[in-house]
Amino acid sequence: MKKILFAFAAIVVMGACGNKQTNTSSDAQATDTIATDAEAVDVETNYFPAIDRYLVNEIGKFYAEGEHCVPIHSIVSVDERNAEDILVWGDFWVFNYNQVGDTLQCVSGGSHPGLMHIRQTEKGFEVTAFDRVEDGSRNVPSAKEIFGDKYEAFQAINSDDKNRERLRAEGLAVYVKKNGLTATMYQDYGWPAKELPL
């Protein structure tokens, strides 16, 4: 599987703009932005590549394989006070695609909300643990436990299908440009293809 990492994130404005170690914690409403992949540099300057690696390698592998694995995340809040345990609450998604002609066809994917624990290392960052929101009857109780006083902000992000679709389309467009793909459309199974906002 072609595992080219891409980060498209809705991140918290206060305390996380550079995602460098600071003594702040933020519960601000998330806004949309793009975080770039730091694979090409020696030292990572933010933790989004670590989140993406985790989503692709630890979560994406459980889905039907595709040529392109594209993680997308909407960040609810961050706490960067401890470089050994940076806390990132979010709604994390993984989508696998195959390119057929000019269309990226979705093979598999899904949502994995929860809390990422991230450690800062000499060369960057790594995810050390992931507290996942559970399925079924434990979904709401586990989400409330994990998100705590951020639960309402999480609910607002998680239930906004229109914004998530916009983020996915914009994220795919950036992915296509970055990786020199010829795709101009994307498509979910059983649905008409949609144009990428290139």
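Quantities reported herein were computed from a predicted structural model and do not represent experimental measurements.

**Focus: the environment of Asn163**
Item 1. Its location among the elements puts Asn163 in helix α4 (residues 161-178).
Item 2. Classification of Asn163 as partly exposed rests on a relative accessible area of 24%.
Item 3. With 89 residues separating them along the chain, Asn163 and Ser74 place their C-alpha atoms 10.0 Å apart.

**Structural notes on helix α1 (residues 48-59)**
Item 1. An ideal rise of 1.5 Å per residue puts 16 Å on 12 residues; α1 measures up with 15 Å between its terminal C-alpha atoms.
Item 2. Counting buried positions along α1 yields nine of 12 residues, so the element is predominantly enclosed.
Item 3. Within α1, the full set of buried residues consists of Phe48, Pro49, Ala50, Ile51, Asp52, Tyr54, Leu55, Val56 and Ile59.

**Section: the packing of aromatic side chains**
Item 1. Overall, the coordinates contain eight aromatic pairs when judged by the stated rule.
Item 2. Aromatic side chains Phe147 and Phe154 sit 4.1 Å apart centroid to centroid with 10 degrees between the ring planes, which places their arrangement in the stacked category. Here Phe147 matches Phe154 in class, with each residue buried.
Item 3. Seen from their ring centres, Tyr151 and Phe154 are 6.3 Å apart, and the 45 degrees between their planes marks the pair as tilted. In this pair, Tyr151 and Phe154 both sit in helix α3 (residues 151-158), three residues apart, roughly one turn of the helix. The pair Tyr151 / Phe154 is uniform in exposure class, with both members buried.

**Side note on empty space enclosed by the protein**
Item 1. This model, assessed by the stated rule, comprises one cavity of 30 Å³ or more.
Item 2. Contributing to the lining of the largest cavity are Ile72, His73, Ser74, Asp91, Trp93, Phe95, Ile157, Arg164, Leu167 and Arg168.
Item 3. Those elements that place two or more of their residues in the lining of the largest cavity are β4 (68-79), β5 (86-100) and α4.

**Details of the layout of surface pockets**
Item 1. Here the largest pocket defines a volume of roughly 310 Å³.
Item 2. Lining of the largest pocket is provided by 13 residues; of these, Pro113, Val133, Glu134, Asp135 and Asn139 occupy positions nearest its centre.
Item 3. Mapped onto the lining of the largest pocket, the elements with two or more residues apiece are β6 (103-120) and α3.

**Points about the pattern of salt bridges**
Item 1. Throughout the structure, instances matching the rule amount to 12 salt bridges.
Item 2. Here the salt bridges share partners, and the residues they tie into one network are Glu165, Arg168, Asp188 and Lys194.

**So, the pairing of strand β7 (residues 125-132)**
Put simply, side chains in a regular strand alternate between the two faces of the sheet.
Item 1. Judged from the seven bridges that link them, β6 and β7 form a sheet pairing that is antiparallel. Of the residues in β7, the one forming a bridge with Gly114 is Arg132.

**Notes on the confidence of the model for the protein**
Item 1. Put simply, the protein has an average pLDDT of 82, and 78% of its residues get 70 or more.
Item 2. Residue range residues 1-41 is modelled with pLDDT below 50. Its contacts to residues more than four positions away, or to other chains, number 122 contacts.

**Topic: the nonpolar core**
Item 1. Counting residues in each nonpolar core, the largest one holds 20 residues, and the members touching the most others are Tyr47, Ile51, Leu55, Val88, Phe92, Met116 and Ile118.
Item 2. When residues of this core are assigned to their parent elements, the largest contribution, seven residues, is made by α1.
Item 3. Each residue touching Met116, except ones within four places of it in the same chain, is listed here: Ile51, Tyr54, Leu55, Ile86, Leu87, Val88, Phe92, Val127, Ala129 and Phe130.
Item 4. Trp93, Ala169, Tyr175 and Tyr186 belong to the second largest nonpolar core, which has 15 residues in total.

The rules behind the values
- Residues numbered from 1 in each chain as written.
- Predicted model: local features only at pLDDT ≥ 70, side-chain atom pairs only at ≥ 80, totals over all residues.
- Heavy atoms only, no water.
- Helix = DSSP H or I, 4+ residues; strand = E, 2+ residues; numbered from the N terminus.
- Buried < 20%, exposed > 50% of the residue type's maximum accessible area, 1.4 Å probe, protein only.
- Expected span 1.5 Å × (residues − 1).
- Phe/Tyr/Trp six-rings, centres within 6.5 Å; stacked < 30°, edge-to-face > 60°.
- 1 Å grid on protein atoms, 1.4 Å probe; cavity = no way out; pocket = protein on both sides within 12 Å on 5 of 7 lines; lining within 4 Å.
- Points joined across faces, edges and corners; volume = space filled by probe spheres on them.
- Salt bridge = Lys/Arg side-chain N within 4 Å of Asp/Glu carboxyl O.
- Pairing = 2+ DSSP bridges.
- pLDDT = per-residue confidence, 0-100.
- Contact = heavy atoms within 4.5 Å.
- Core = buried A, V, L, I, M, F, W, Y, C linked by side-chain atoms within 4.5 Å.

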